[in-house]
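Observations on chain architecture
Take a look at the letters that make up each chain.
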Amino acid sequence: MDRGARPGGSCGVGEVVNPAAWLDRAKAVPVLDVAAALGLSLGRDGKSFGPCPGCGAATRANPGRRDSRGRCAILPGGWWHCYSNGSDGCGATADSPGLVAWQLTGERWQKGDASTSAKIREWFAQNGWCDAPGAERKSVVAPRRWPDAAAEAPPSRPNAMEVAQVWFHAPAVTDDDAVAEWLERARGLPAARIAELDLARALPASPSPAWAGYGARTWRESGHRLIVPLWGPDPDGRSRLRMASLHARCVRASGGGLKALSPRGHSHRGLVMAVSEDFLGDGAEQRLLTICEGVPDFLALALQPATVRGALLGGISGSASAAILALVPRGWDVAVATHADAGGDNQANAWRREIEGRGCRYLRCRRQLAA
Ligand SMILES: [Zn+2]
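What this report covers is the structure whose coordinates are included nearby. What you are looking at is a predicted structure, and each value in this text was computed from that prediction instead of being measured. (Residues numbered from 1 in each chain as written. Predicted model: local features only at pLDDT ≥ 70, side-chain atom pairs only at ≥ 80, totals over all residues.)

1. Concerning the overall build of the protein
Assigned secondary structure in the protein consists of 14 helices and 16 strands. When the 371 residues of the protein are sorted by exposure, 43% land in the buried category. Counting only contacts in the protein whose residues sit at least 6 apart along the sequence, the fraction spanning at least 24 positions is 62%. (Helix = DSSP H or I, 4+ residues; strand = E, 2+ residues; numbered from the N terminus. Buried ≥ 20, exposed ≤ 12 C-beta atoms within 10 Å, placed from the backbone. Contact = placed C-beta atoms within 7 Å.)

2. Side note on helix H11 (residues 295-302)
Judged by how many residues are buried, H11 sits mostly within the fold: eight of eight residues are covered. Buried within H11 we find Val295, Pro296, Asp297, Phe298, Leu299, Ala300, Leu301 and Ala302.

3. Observations concerning the environment of glycine 294
Checked against the element boundaries, glycine 294 lands in the loop between strand E13 (288-293) and H11. Look at glycine 294 and you get buried, because 25 C-beta atoms sit within 10 Å. Between the alpha carbons of glycine 294 and arginine 249 there is a distance of 9.4 Å; along the sequence they are 45 residues apart.

4. Observations regarding the packing of helix H3 (residues 96-105) against helix H4 (residues 114-126)
Where H3 contacts H4, the two axes come as close as 9 Å, and the packing angle between them is 110°. In terms of orientation, H3 lies roughly perpendicular with respect to H4. Facing H3, whose interface residues are Pro97, Val100, Ala101, Leu104 and Thr105, H4 presents Thr116, Lys119, Ile120 and Trp123. Considering only residue class, the contact of H3 with H4 consists of six nonpolar, two polar and one charged. (Axes fitted to C-alpha atoms, helices over the stretch in contact; angles between N-to-C directions. Parallel < 35°, antiparallel > 145°, perpendicular 65-115°, else oblique. Nonpolar A, V, L, I, M, F, W, Y, C, P; charged D, E, K, R; others polar.)

5. Side note on unusual backbone geometry
Glycine aside, the phi torsion of most residues is negative, and most peptide linkages are trans. Proline 51 follows glycine 50 through a cis peptide bond whose omega is -5°. Cis geometry is adopted by the peptide bond preceding proline 207, which originates at serine 206 and carries an omega value of 0°. In this structure, proline 207 sits in the loop between strand E6 (201-202) and strand E7 (213-214). Residue aspartate 198 is not a glycine yet carries a positive backbone phi of 55°. Within the secondary structure, aspartate 198 is located in the loop between helix H9 (191-197) and E6.

6. Brief notes about the pairing of strand E15 (residues 333-338)
By the bridge criterion, five bridges tie E13 to E15 in an arrangement that is parallel. Of the residues in E15, the one forming a bridge with cysteine 292 is alanine 337. With six bridges joining them, E15 and strand E16 (residues 361-366) adopt parallel strand pairing. When the bridges of E16 are listed, aspartate 333 appears paired with arginine 361. (Pairing = 2+ DSSP bridges.)

7. Considering the sheet that holds strand E5 (residues 87-95)
Spatially, E1-E2-E3-E4-E5 is the arrangement adopted by the five strands of the open sheet, whose pairing is antiparallel. Two strands close off the open sheet at either side, each with one partner strand: strand E1 (41-42) and E5. Of the pairings in the sheet, the one linking strand E4 (residues 79-84) to E5 comprises five bridges and is antiparallel in character. Paired with tyrosine 83 across the two strands is aspartate 88, which belongs to E5. Of the strands in this sheet, E4 and E5 touch H3, which is tilted by about 105° from E5.

8. Concerning the sheet that holds strand E12 (residues 273-274)
With mixed pairing, five strands are arranged side by side in an open sheet as E12-E14-E13-E15-E16. The open sheet has two edge strands, E12 and E16, and neither has a second partner. With respect to the sheet, helix H14 (residues 342-355) is in contact with E13, strand E14 (311-315), E15 and E16, its orientation differing from that of E15 by roughly 165°.

9. Here's the deal with the pairing of E4
Here strand E3 (residues 72-75) pairs with E4 via four bridges, running antiparallel. The residue bridging leucine 75 from the neighbouring strand is tryptophan 79, located in E4. Hairpin geometry of E3 and E4 is characterised by an intervening segment of three residues between the two adjacent antiparallel strands and by a positive phi of about 90° at glycine 77.

10. A few points about the nonpolar core
Counting 64 residues, the largest nonpolar core has Val173, Ile194, Leu226 and Leu299 as its most contacted members. Ranked by residues supplied to this core, first place goes to H11 with six residues. In contact with isoleucine 194, other than residues within four places in its own chain, are Val173, Leu183, Leu189, Leu199, Ala200 and Leu299. Among the nonpolar cores identified, the runner-up in size contains 33 residues, and Leu42, Cys72, Phe124 and Trp129 belong to it. (Core = buried A, V, L, I, M, F, W, Y, C linked by C-beta atoms within 7 Å.)

11. Considering the environment of methionine 273
Mapped onto the secondary structure, methionine 273 falls in strand E12. Overall, methionine 273 belongs to the buried group, with 26 C-beta atoms counted inside 10 Å. The residues touching methionine 273, leaving out its near neighbours within four places in the chain, are Val228, Leu230, His247, Phe298, Leu313 and Gly314.

12. Side note on the environment of tyrosine 83
Within the element layout of this structure, tyrosine 83 appears in strand E4. Take tyrosine 83: there are 23 C-beta atoms within 10 Å of it, and that puts it in the buried class. Between the alpha carbons of tyrosine 83 and arginine 60 there is a distance of 6.2 Å; along the sequence they are 23 residues apart. Beyond its immediate sequence surroundings of up to four residues, tyrosine 83 is in contact with Arg60, Arg71, Ala73, Asp88 and Gly89.

Below you can see the structure in the form of structure tokens.
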């Protein structure tokens, strides 16, 4: 992070408040943190991410060349730039707030665009990285601590009623030809069984909330038409889990962009895929919970009998949380089956940190299960 990266963070009582302090704070948030919060994939080199919000390319590879680094390189000074292997990329370049602008609007943030500026500020405020509009006075009296405030801020979730409405109106996967064909042909998964068990649905034509978008396109337009609920611990304790968000999988062969998306401008931190709100039920006999990675593996395992996989949760990057594992009884075995790559290892390690110390045995299975 830059030196002197906390402007506005130490306002004392009586100090003059700079109205643009939120922007200074937003600029000071490392690009990698912003990219992760936006649900982008972080490169294994620790200084790249993808896909590029400008051109949609996921990695730096050109046809005929291999390069798995994220398409956008992070530059010193809090900037990033789209690069391809051997030449400059599409020309997209910005800082942290500029990256958020691109993801929210699908365009470069033009100076003086107050409407986009308000959206960016809202996004950073939701993530606990700056104050919301109108909060300047409060921050003078009680300055926020930085960056602890970001770590403690509860993750932003899409409106619960909107999530419920989209799920309620979503047709069965067998009622959407593109979704059914992707499941059957690209993944070898039986659409009829998935519909019968109601594990996933097809994105409805309406309603289409603002968060169901990717760049300037709706999920429908970008091909993210297979939706799966994301669950978090039930705050009322009536059941173990409660639906908190949705995860949308692209069903196009050549999307070019992100394979799977969570609601735009919100976080899926600490949320998981599950077979039901009482997810532990079918693992009770074996005292076994399996945690897998990604939508296809989750669907493939959910179709297996419980005698094979015990109880089941599906994770994505950022899912691992102490609150979820606090629902698992002590003494259970927890098998983490993530992909045999760096992303899978990262997720497994994140789960492992939470599993150990809970009196549960950690088992690791390094493989991709679905086709
Ligand atoms: Zn680009």
